[in-house]
Amino acid sequence: MTMKKAIDFHEDSNENSWIVTFADLVTLLLVFFILLFSISTIKEESFKETINSVKSALKRTGQGSNIGAGAGTKDEIDSNKVETGSVPTDSTDPSTETGDKQQAPTEDEKAIITTPFVIQPATRKESKEDRLKKQDMARAVKAINKLMSTAAGKDDSKVSPPKNDRIIINVRGDLFFNKGSAQFKREAMPIMDGIGNILRKNPVFNLNIGGHTDNVPISTNRYPSNWELSAIRATTVLRYFVRGGLSPERVTATGYGESTPLEPNDTKEQRVINRRIEFVLERTSP
């Protein structure tokens, strides 16, 4: 009777040995799925930590059972990497797919990533004052060009483009004065009347009158030098505007003599250009 019980006990022990094998298999499957979940990301540091943890777990499992023996070796881990489609840590090929089948970035996507972000400067919104200034300048330029086309010859005057809120008109001096004289001609009156009308219609503009001569010296009792001649010419024009009703506060006159020539004064034609009356219409703040 005793022998029979011993045999029965031994047989029962062999029948329950599958539990150990099954437990090892479940453990290995659990570790395997943890590995799949961990390597689904492309972070190399996390991947390395996961591999090290799996190696330690498989090593411990292999020491406790025959089925787990050798499961933590490098060859088998590398084999698992290939089967799951994961990227080895030493891989430098961006086209290799990861475990979750992430597609490598296309050339267009790479360009977007590598292109530096440039901050576009905010465009300055045009203020009401700027709009009014542009309108005033455009209106005055249009009126001046129309005046010069009718009151002066094609080569007798020049209107410069607006700059720094100023419009500059240069008119040949011989249209205004005879040589060595400061008495303006009657032919100059249409030009001065036209400029006066423009100023009256555009009260935001002031007028600066400049007298200019060539470098030919002059020495008379009335005009000791070109400085006096140019100053008296500019003042004579100023008096005409004031007598015509323009406020003295809006007009100034300056004699520049030969100090600011437009040409080198080497030829007769160049000296004719340098002898001029300059009108500067300057827009002021309303």
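Refer to the structure above for everything that follows.
Residues numbered from 1 in each chain as written. Predicted model: local features only at pLDDT ≥ 70, side-chain atom pairs only at ≥ 80, totals over all residues. Heavy atoms only, no water.

**Notes on the overall build of the protein**
Scanning the protein for helices and strands turns up 9 helices and 5 strands. When the helices and strands of the protein are listed from N to C terminus, the series reads α-α-α-α-α-α-β-β-α-β-α-β-α-β. Here the protein holds 286 residues, and 31% of them are scored as buried. The long-range share in the protein, meaning contacts at least 24 apart out of those at least 6 apart in sequence, stands at 66%. Looking at the protein as shown, the accessible area adds up to about 19,400 Å², and 55% of this sits on carbon and sulfur atoms. (Helix = DSSP H or I, 4+ residues; strand = E, 2+ residues; numbered from the N terminus. Buried < 20%, exposed > 50% of the residue type's maximum accessible area, 1.4 Å probe, protein only. Contact = heavy atoms within 4.5 Å. Areas by Shrake-Rupley, 256 points an atom, 1.4 Å probe, with all protein chains shown as cover.)

**A short note on helix α7 (residues 189-201)**
In a regular helix each residue adds 1.5 Å, so 13 residues correspond to 18 Å; α7 covers 18 Å between its end C-alpha atoms and thus fits that length. Where α7 is concerned, the buried positions are I191, M192, G194, I195, G196, I198 and L199. Looking at the buried positions of α7, the neighbouring elements they touch are α6 (128-151), β2 (166-172), β3 (205-212), α8 (226-243) and β5 (276-283). (Expected span 1.5 Å × (residues − 1).)

**What to know about the nonpolar core**
Core analysis: the largest hydrophobic core is formed by 33 residues, its most contacted members being F176, I195, L207, I209, F241, F279 and L281. Here the element with the most residues in this core is α6; it accounts for 6 residues. Excluding residues within four positions of it along the chain, F279 makes contact with I167, I168, I169, V171, F176, I195, L207, N208, I209, V237 and F241. One finds L35, I51, V54 and A57 within the second-largest nonpolar core, a separate group that totals 7 residues. (Core = buried A, V, L, I, M, F, W, Y, C linked by side-chain atoms within 4.5 Å.)

**Quick look at the sheet that holds β5**
Strand order in the open sheet formed by 5 strands is β1-β2-β5-β3-β4, with mixed pairing between adjacent strands. Across the chains shown, the open sheet's two edge strands, defined by having one partner strand only, are β1 (157-159) and β4 (251-257). With strand direction ignored, the average angle separating the axes of adjacent strands in the sheet is 15°. Where β1 meets β2, 3 bridges bridge the pair, whose relative direction is antiparallel. Residue pairing in the sheet places V159 in a bridge with I169 of β2. In this fold α8 packs onto β3, β4 and β5, with an angle of close to 160° to the strand it touches most, β4. (Pairing = 2+ DSSP bridges. Axes fitted to C-alpha atoms, helices over the stretch in contact; angles between N-to-C directions.)

**Some details on the pattern of salt bridges**
Here the structure, examined in full by the defined rule, presents 8 salt bridges. Ionic pairing is found between R283 and E129, a salt bridge with its closest N-O pair at 3.2 Å. A residue pair is termed long-range when its members are at least 10 positions apart, and R283 in strand β5 and E129 in helix α6 qualify at 154 residues. Here R283 ties to D136 by a salt bridge, and the two come within 3.0 Å at their closest N and O atoms. Of this pair, R283 sits in strand β5 while D136 sits in helix α6; the two residues are 147 residues apart in sequence, bridging distant segments of the chain. (Salt bridge = Lys/Arg side-chain N within 4 Å of Asp/Glu carboxyl O.)

**A few points about the side chain of R283**
A residue is classified by how much of its surface remains accessible, and R283, at 7% relative accessible area, is buried. When residues no more than four places from it in sequence are discounted, the contact partners of R283 are E129, L132, K133, D136, M137, D165, V204 and F205.

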